[in-house]
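Read off the chains here:
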Amino acid sequence: QVQLVESGGGLVQPGGSLRLSCEASGRIFSIAAMGWYREAPGKERELVAAITGGGSTNYADSVKGRFTISRDNAKNTVYLQMNSLKPEDTAVYYCNLKARITAFQGWMDYWGKGTLVTVSS
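The structure contained in this document is the topic of the report that follows. (Residues numbered from 1 in each chain as written. Predicted model: local features only at pLDDT ≥ 70, side-chain atom pairs only at ≥ 80, totals over all residues. Heavy atoms only, no water.)

1. Things to note about the state of the cysteines
According to the stated counting rule, one finds one disulfide in the structure shown. Bridging Cys22 to Cys95, the disulfide has an S-S length of 2.0 Å. The sign of the S-S torsion, about -85°, decides the handedness of the disulfide formed by Cys22 and Cys95: left-handed. With Cys22 in strand β3 (residues 18-25) and Cys95 in strand β9 (residues 91-100), this residue pair connects regions lying 73 residues apart in the sequence. Of the two residues, Cys22 and Cys95, neither departs from the other in class, the shared state being buried. (Disulfide = S-S within 2.5 Å. Helix = DSSP H or I, 4+ residues; strand = E, 2+ residues; numbered from the N terminus. Buried < 20%, exposed > 50% of the residue type's maximum accessible area, 1.4 Å probe, protein only.)

Pasting the structure below:
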């Protein structure tokens, strides 16, 4: 069974920084990508940033230049460094893993429980 454990959320003032971490554990055969999504009140879940095993990254336009995603493949851990935070970044941030648990199964999405980020003065 695959588990994702997130940490690093909290309350921060506008302009501040936070670093989110997510460690994947369990029966994982291969990882295609890890990433972060967020869900603000009244809005749909959206992609924030993602990174493949080869290091290719993808960011939402709203966070480009402010957020940086990185990954430690040996630890199956993904990080999201968030700088210059704005009130509109307030949301529950979910870790996402696209992986296969055996060589004979297709890619599946796994989700963490989410961590709340609140940007407010």
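2. A closer look at unusual backbone geometry
Phi is positive for Asn76, close to 50°, though the residue is something other than glycine. Counting through the fold element by element, Asn76 comes out in the loop between β7 (67-72) and β8 (77-82). Phi is positive for Ser84, which is not a glycine, with a value near 50°. Within the secondary structure, Ser84 sits in the loop between β8 and β9. According to the relative accessible area criterion, Ser84 is partly exposed, its value standing at 41%.

3. Some points on the packing of aromatic side chains
Counted under the stated rule, the structure contains one aromatic pair. The ring of Trp107 carries Arg100 above its face, with NZ or CZ at 4.7 Å from the centroid. (Phe/Tyr/Trp six-rings, centres within 6.5 Å; stacked < 30°, edge-to-face > 60°. Lys NZ or Arg CZ within 6 Å of the ring centre and 35° of its normal.)

4. Concerning the nonpolar core
Among the nonpolar cores identified, the biggest contains 31 residues, and Trp36, Leu80, Met82, Tyr93 and Leu97 are the most heavily contacted of them. Of all the secondary-structure elements, those providing two or more residues to this core are β3, β4 (30-39), β5 (46-52), β7, β8, β9 and β11 (115-119). (Core = buried A, V, L, I, M, F, W, Y, C linked by side-chain atoms within 4.5 Å.)

5. Topic: the pattern of salt bridges
Scanning the entire structure with this criterion turns up six salt bridges. Between Arg45 and Glu39 there is a salt bridge whose closest N-O contact spans 3.1 Å. Judged by its relative accessible area of 31%, Glu39 falls in the partly exposed class. Here the residues in one salt-bridge network are Arg38, Glu46, Arg66 and Asp89, joined through shared partners. (Salt bridge = Lys/Arg side-chain N within 4 Å of Asp/Glu carboxyl O.)

6. Some words on the sheet that holds β7
Strand order in the open sheet formed by four strands is β1-β3-β8-β7, with antiparallel pairing between adjacent strands. Edge positions in the sheet fall to β1 (3-7) and β7, since each of these pairs with one other strand and no more. The sheet shows a mean angle of 15° between the axes of neighbouring strands, taken without regard to direction. (Pairing = 2+ DSSP bridges. Axes fitted to C-alpha atoms, helices over the stretch in contact; angles between N-to-C directions.)

7. Considerations on the pairing of β9
Extensive coverage of β9 is indicated by the burial of seven of its ten residues. Relative to β9, β4 runs antiparallel, the two being bridged by nine bridges. Opposite Glu39, over in β9, you have Val92 as the bridge partner. Bridging between β9 and β11 involves three bridges; their strand directions are antiparallel. The residue bridging Tyr93 from the neighbouring strand is Thr115, located in β11. Looking at chain direction, β9 and strand β10 (residues 108-111) are connected through four bridges and run antiparallel. Counterpart to Lys98 in the pairing with β10 is Asp109.

Take it as geometry only, folks, not as evidence of what the structure does.
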